[in-house]
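So the chains spell out like this:
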Amino acid sequence: NEKYGVQFESWFNDRFNGRDWMINLFSSILYHTNNIYQNEKALFIKDNGWMFGKNNVKTPKNTKLSIDNVKKFDEFCKQHGIKLYLLLVPPKEAIYSDVLGEKFGFDYVAERAHIDYINQIKSVLPGNRVIFPYEDLKQSKEQDYVFFKQTHHWTDWGAYIGYKALSSRIEKDFKQYTTVSLSDYDKSFSTKIRDDWARSYNVGH
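First, a word on scope: everything that follows refers to the structure included in this document. On a predicted model such as this, the values are computed, not experimentally measured, just so you know.

Turning to the sheet that holds strand β1 (residues 36-38), a few remarks are in order. Here three strands make up an open sheet; going across it, the order is β1-β2-β3 and the pairing antiparallel. At either margin of the open sheet sits one strand with a lone partner, and together these are β1 and β3 (50-53). Going across the sheet, the axis of each strand differs from the next one's by a mean of 15°, ignoring polarity.

Let us look at the pattern of salt bridges. Considering all chains together, one arrives at nine salt bridges under this definition. Of the charged contacts, one joins Asp14 and Arg19 as a salt bridge, the two residues approaching to 2.6 Å between their closest N and O atoms. Between Asp74 and Lys78 there is a salt bridge, and its shortest N-O distance comes to 3.7 Å. With Asp74 and Lys78 both in helix α3 (residues 63-79), this residue pair falls four residues apart, about one helical turn. Given the relative accessible area of 3%, Asp74 is considered buried. Through salt bridges with shared partners, a single network forms among Asp74, Glu75, Lys78 and Arg129.

Mapped onto the fold, Glu93 is located in helix α4 (residues 92-95). Lys92 is the oppositely charged side chain nearest to the buried, salt-bridge-free Glu93, at an N-O distance of 6.1 Å. In contact with Glu93, not counting residues within four places along its chain, are Phe52, Gly53, Asn56, Val57, Leu100 and Phe106.

Quick look at the environment of Ser27 now. For Ser27, the location among the structural elements is in helix α2 (residues 19-33). A C-alpha to C-alpha distance of 42 Å links Ser27 and Val70, two positions 43 residues apart in sequence.

A few words on the nonpolar core. Within the largest apolar cluster, 32 residues are counted, with the highest numbers of intra-cluster contacts made by Phe52, Leu86, Leu88, Ile95, Tyr96, Ile121 and Val146. Among the secondary structure elements, those contributing two or more residues to this core are β2 (42-45), β3, α3, α4, α5 (97-100), α6 (108-124), α7 (134-140) and α8 (156-173). Take this core: its biggest share by element is four residues, from α6. If you look at the next biggest cluster of nonpolar residues, it comprises five residues, including Ile131, Ala165, Leu166 and Ile170.

A separate point is the side chain of Ser66. You can see Ser66 is positioned in helix α3. Those residues in contact with Ser66 that sit more than four places away from it in its chain are Pro60 and Tyr117.

Another point: the environment of Gln38. Tracing the backbone shows Gln38 in strand β1. Here the alpha-carbon distance between Gln38 and Asp173, two residues 135 residues apart in the chain, equals 46 Å. In contact with Gln38, not counting residues within four places along its chain, are Leu43 and Lys54.

Our next topic: the packing of aromatic side chains. One pass over the full model with this rule turns up 10 aromatic pairs. The interplanar angle of 35° and the centroid separation of 5.7 Å between the aromatic rings of Phe8 and Trp11 together place this pair among those described as tilted. Residue Phe8 and its partner Trp11 are located together in helix α1 (residues 4-13), separated by three residues, close to a single helical turn. In this structure Phe8 comes out as partly exposed when scored by relative accessible area, which is 39%. Between the aromatic rings of Trp157 and Tyr160, the centroid separation amounts to 6.4 Å while the plane-to-plane angle is 25°, which identifies the pairing as stacked. Residue Trp157 and its partner Tyr160 are both found in helix α8; the two are separated by three residues, about one turn of the helix. Taken as a pair, Trp157 and Tyr160 share a single burial class, namely buried. An aromatic cluster of at least three residues, connected via ring pairs, comprises Tyr4, Phe8, Trp11 and Phe12. Cation over ring: Lys92 sits above Phe52, and NZ or CZ is 5.0 Å from the ring centre.

What counts, and at which threshold
- Residues numbered from 1 in each chain as written.
- Predicted model: local features only at pLDDT ≥ 70, side-chain atom pairs only at ≥ 80, totals over all residues.
- Heavy atoms only, no water.
- Pairing = 2+ DSSP bridges.
- Helix = DSSP H or I, 4+ residues; strand = E, 2+ residues; numbered from the N terminus.
- Axes fitted to C-alpha atoms, helices over the stretch in contact; angles between N-to-C directions.
- Salt bridge = Lys/Arg side-chain N within 4 Å of Asp/Glu carboxyl O.
- Buried < 20%, exposed > 50% of the residue type's maximum accessible area, 1.4 Å probe, protein only.
- Lys, Arg positive; Asp, Glu negative; His and termini not counted.
- Contact = heavy atoms within 4.5 Å.
- Core = buried A, V, L, I, M, F, W, Y, C linked by side-chain atoms within 4.5 Å.
- Phe/Tyr/Trp six-rings, centres within 6.5 Å; stacked < 30°, edge-to-face > 60°.
- Lys NZ or Arg CZ within 6 Å of the ring centre and 35° of its normal.

Spelled out as structure tokens, the structure:
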């Protein structure tokens, strides 16, 4: 391993005594002295309680490979009598760009590149089989949160909006298919939120 020396030095420097304590102290100082708290992964706006992933409006580096794979998958589905639909979830940062805006560095260039990528996928799946509920979520966020304020997951309401957009497209091809309405669900409301992988309830933020 020709990089052993550099790798060992990196490993050793990452393990000095008291490192975790110093990092926690440094982070605590930054958090309490700044309105905006951020690290390499996230941005937290303390004034309004919103958290966003940094540079989270991402487009695959190899878009051609990605699009070719979609075409191959569609061909596979056709050979097996399956109709393929793709529901692509817009990034939280794009839906709540008004919260971020220029002030907090929303990357409008990255968003345009992402939209262009979505349009390329749409072109290889003709028949409007790519569902990208950008406008649906933009409108629905006025009624309730479509993403949790402090995680990147969409809320139950946001997920239902995405489901409804997908279902309305499927209904055009399969007349026996019906969209489940909200009245068909058992609904409960709580001051707590579901925002971890296990979907257990935690104290709301």
